[in-house]
Amino acid sequence: MSSTLRRFEILLPLRFNDGQSVPDELVGQALLEVRNQFNAVSAETQVIRGHWEHQGEVFRDELVRIFVDVADTEENRLLCHL
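Caption draft 1: Here's a closer look at unusual backbone geometry. Phi at N39 takes a positive value of approximately 65°, unusual for a residue other than glycine. On the secondary structure map, N39 appears in the loop between helix 1 (24–38) and strand 2 (42–43). A positive phi angle, near 50°, is found at Q55, a position not held by glycine. Note on placement: Q55 falls in the loop between strand 3 (48–54) and strand 4 (57–71).

And the structure:
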């Protein structure tokens, strides 16, 4: 097994496109799925604010970052890109 680790990060939205809050249960489900797949997961409690533009319209995001450090193997790289 490789002793080199690779970090994978996921930014999860805290609001749907219509502005409604994403239920805590859905965020929790994402954390559980990552933990079940890789036997570990971490999350930050701070809100990450993002701005992006599409067809001239600016959108704002509120996000939470979850991440996992796993062995840098081909299998893990493939799983994290699904």
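Caption draft 2: Just the pattern of salt bridges, in detail. According to the stated counting rule, one finds five salt bridges in the structure shown. Note that R15 is salt-bridged to E62, the shortest N-O span being 3.4 Å. Here E62 lies in strand 4 and R15 lies in the loop between strand 1 (5–13) and helix 1, a separation of 47 residues in the sequence. As a salt-bridge pair, E44 and R65 come within 2.8 Å of each other at their nearest N and O atoms. Taken together, the residues E44 in the loop between strand 2 and strand 3 and R65 in strand 4 connect sequence positions 21 residues apart. One connected set of salt bridges, linked through shared partners, spans E9, E44 and R65.

Caption draft 3: Broad picture of the environment of I48. You can see I48 is positioned in strand 3. Taking relative accessible area as the criterion, I48 reaches 23% and is therefore assigned partly exposed. When near neighbours in sequence (up to four residues on either side) are disregarded, I48 contacts L11, D61, E62, L63 and R65.

Caption draft 4: Region of the structure containing the pairing of strand 3. Pairing analysis gives seven bridges linking strand 3 to strand 4, with the strands arranged antiparallel. If you follow W52 over to strand 4, its bridge partner there is F59. Hairpin connection, strand 3 to strand 4: the antiparallel pair is bridged by two residues, and Q55 has positive phi, about 50°.

Caption draft 5: Representation of helix 1 in the model. If you check helix 1, its first and last C-alpha atoms are 21 Å apart, about what 15 residues at 1.5 Å a residue would give, namely 21 Å. All buried positions along helix 1 are accounted for by V27, A30, V34 and F38. The buried residues of helix 1 occupy an angular sector of 55° when the element is viewed end-on, so they sit on one face. Turned more than 90 degrees away from the buried face of helix 1, the exposed residues are D24, E25 and N36. Trailing helix 1 by a residue or two, N39 shows a phi angle of about 65°, which is positive.

Rules and cut-offs
Residues numbered from 1 in each chain as written. Predicted model: local features only at pLDDT ≥ 70, side-chain atom pairs only at ≥ 80, totals over all residues. Heavy atoms only, no water. Helix = DSSP H or I, 4+ residues; strand = E, 2+ residues; numbered from the N terminus. Salt bridge = Lys/Arg side-chain N within 4 Å of Asp/Glu carboxyl O. Buried < 20%, exposed > 50% of the residue type's maximum accessible area, 1.4 Å probe, protein only. Contact = heavy atoms within 4.5 Å. Pairing = 2+ DSSP bridges. Expected span 1.5 Å × (residues − 1). Arc of directions from axis to C-beta.

Shape descriptors only; they carry no functional weight alone.
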